[in-house]
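Notes for the structure review
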Amino acid sequence: MAGYIVYWPQDRVKELQKAGDTGPIKVVLGSIHARMPTIVSVKVGDIVFPVTLIKKRLCVLARLPVERREPALNYLIRELGQAHGALLPEGTALENSINGNSRYWSNIGGKYSYRQQKELPEGTTVITLAQQVEKPHQKHQEPFNCCSQWAVSGEGGSAIRPRPVPEELVPALRFGHPKSKERPLSVNQKGDVLATSLTATRRMSPETLAVFEALFRED
């Protein structure tokens, strides 16, 4: 089991607050873009902790034990009923309606558009319009960036709320793997954590994982 942090920017946190989404957290999504960085290294059995900065303090927002890891498109269609801009896995096509006519989007062989279903290669999995019906869901289940690639999810997630990390413990936090590559968070001259040191999915040291776990003992 490994622990990872993923960064949720302030506008994301405000969106959740505006929507009244306090969890429990069900999923963490990763994209191919830095704003919602890849989670390709996260495996089933790991624990993911979304974090943010509030008034310059490092806060842990939630704890998600990973029970499933799958392409983001699979998760979004099953749980939300919409693709929400997810990347299409090889061998999958998404039916769209353009001016009342169907068109099929795919990354099969580098081709992104097929005018008719019969043009698709044999064996292609088609996600039809009938399957794309919006389902009730929580705000945090929607990607906050395009090109979602992977989704990690589970049923044992915590509530979503800020849990400040004690300031005296922040300098001892270490991230990286293996141990020889562990590094502290970057800080400015005042000792404030820099957002740039959080904007990548980072694996925790075992000692750092213990600090994060302690924040959830009373949940």
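Shown above is the structure to which this text applies.
Here we summarise the structure given alongside this text. (Residues numbered from 1 in each chain as written. Predicted model: local features only at pLDDT ≥ 70, side-chain atom pairs only at ≥ 80, totals over all residues. Heavy atoms only, no water.)

1. A look at the nonpolar core
Residues Trp8 and Val28 are the most contacted members of the largest nonpolar core, which totals 33 residues. Elements represented by at least two residues in this core include exactly strand 1 (3–7), helix 1 (10–19), strand 2 (27–31), helix 2 (72–79) and strand 11 (148–153). If one sorts the elements of this core by residue count, helix 2 sits on top with five residues. Setting aside residues up to four positions removed in sequence, Trp8 forms contacts with Val13, Leu16, Ile25, Pro50, Val51, Thr52, Leu61, His140, Phe144 and Ile160. (Core = buried A, V, L, I, M, F, W, Y, C linked by side-chain atoms within 4.5 Å. Buried < 20%, exposed > 50% of the residue type's maximum accessible area, 1.4 Å probe, protein only. Helix = DSSP H or I, 4+ residues; strand = E, 2+ residues; numbered from the N terminus. Contact = heavy atoms within 4.5 Å.)

2. Points about the side chain of Thr124
The topology assignment puts Thr124 in the loop between strand 9 (113–114) and strand 10 (125–127). By relative accessible area, which is 17% here, Thr124 ends up buried. Of the polar contacts made by the side chain of Thr124, one reaches the backbone oxygen of Pro121; its length is 2.7 Å. (Polar contact = N/O pair within 3.5 Å; in protein donor to acceptor, adjacent residues only side chain to side chain.)

3. Focus on the packing of aromatic side chains
For the coordinates displayed, the defined rule picks out two aromatic pairs. Put simply, the rings of Phe49, Phe212 and Phe216 touch in pairs and so form one group of aromatic residues. Note that Arg69 overlies the ring of Trp150, its terminal NZ or CZ placed 4.1 Å from the centroid. (Phe/Tyr/Trp six-rings, centres within 6.5 Å; stacked < 30°, edge-to-face > 60°. Lys NZ or Arg CZ within 6 Å of the ring centre and 35° of its normal.)

4. Re the environment of Ser153
Considering the arrangement of structural elements, one finds Ser153 in strand 11. On the basis of relative accessible area, Ser153 is assigned to the buried category, the value being 1%. Separated by 124 residues in sequence, Ser153 and Leu29 have C-alpha atoms that sit 8.6 Å apart. Ser153 has contacts with Lys26, Val27, Leu64, Pro65, Val66, Glu67, Arg68, Glu70 and Tyr75, leaving out every residue within four places of it along the chain.

5. Observations regarding the pattern of salt bridges
The final tally for this structure, using the stated rule, is nine salt bridges. Among the ionic pairs, Arg57 bridges to Glu167, the shortest N-O distance being 3.9 Å. With Arg57 in strand 4 (residues 57–60) and Glu167 in the loop between strand 12 (163–164) and strand 13 (202–203), this pair connects stretches of sequence that are 110 residues apart. Measuring nitrogen to oxygen at the nearest pair gives 3.6 Å for the salt bridge that ties Lys179 to Glu182. Linked by salt bridges that have partners in common, Glu67, Arg68 and Glu155 make up one network. (Salt bridge = Lys/Arg side-chain N within 4 Å of Asp/Glu carboxyl O.)

6. Quick word on the environment of Glu218
Along the polypeptide, Glu218 turns up in the segment after helix 3 (206–214). Once the C-alpha coordinates of Glu218 and Ala195 are considered, the two residues, 23 residues apart in sequence, prove to be 27 Å apart.

7. Details of the sheet that holds strand 6 (residues 68–71)
One open sheet accounts for three strands, arranged 2-11-6; its pairing is antiparallel. Looking along the sheet, the strands with just one partner apiece sit at the ends: strand 2 and strand 6. Here the average twist between neighbouring strands, direction ignored, is 20 degrees. Sheet analysis places strand 6 next to strand 11, joined by four bridges and oriented antiparallel. Paired with Arg68 across the bridge in strand 11 is Ser153. Across the face of the sheet, helix 2 comes into contact with strand 2, strand 6 and strand 11 while running at roughly 100 degrees to strand 6. (Pairing = 2+ DSSP bridges. Axes fitted to C-alpha atoms, helices over the stretch in contact; angles between N-to-C directions.)

8. Focus on the side chain of Glu70
By secondary structure assignment, the location of Glu70 is in strand 6. Among residues more than four places away in sequence, those in contact with Glu70 are Tyr75, Arg78, Gln149, Trp150, Ala151 and Ser153.

9. Quick look at the pairing of strand 4
Bridge analysis of strand 3 (residues 47–54) against strand 4 gives four bridges, and the strand direction is antiparallel. Considered in strand 4, the bridge of Leu53 is made with Leu58. Between strand 3 and strand 4, which pair antiparallel in sequence order, lie two residues; one of them, Lys55, sits at a positive phi of approximately 50 degrees. Judged from the two bridges that link them, strand 4 and strand 12 form a sheet pairing that is antiparallel. Among the inter-strand pairings, Val60 is bridged to a residue of strand 12, identified as Arg163.

Limitation: the analysis is restricted to geometry and does not speak to function.
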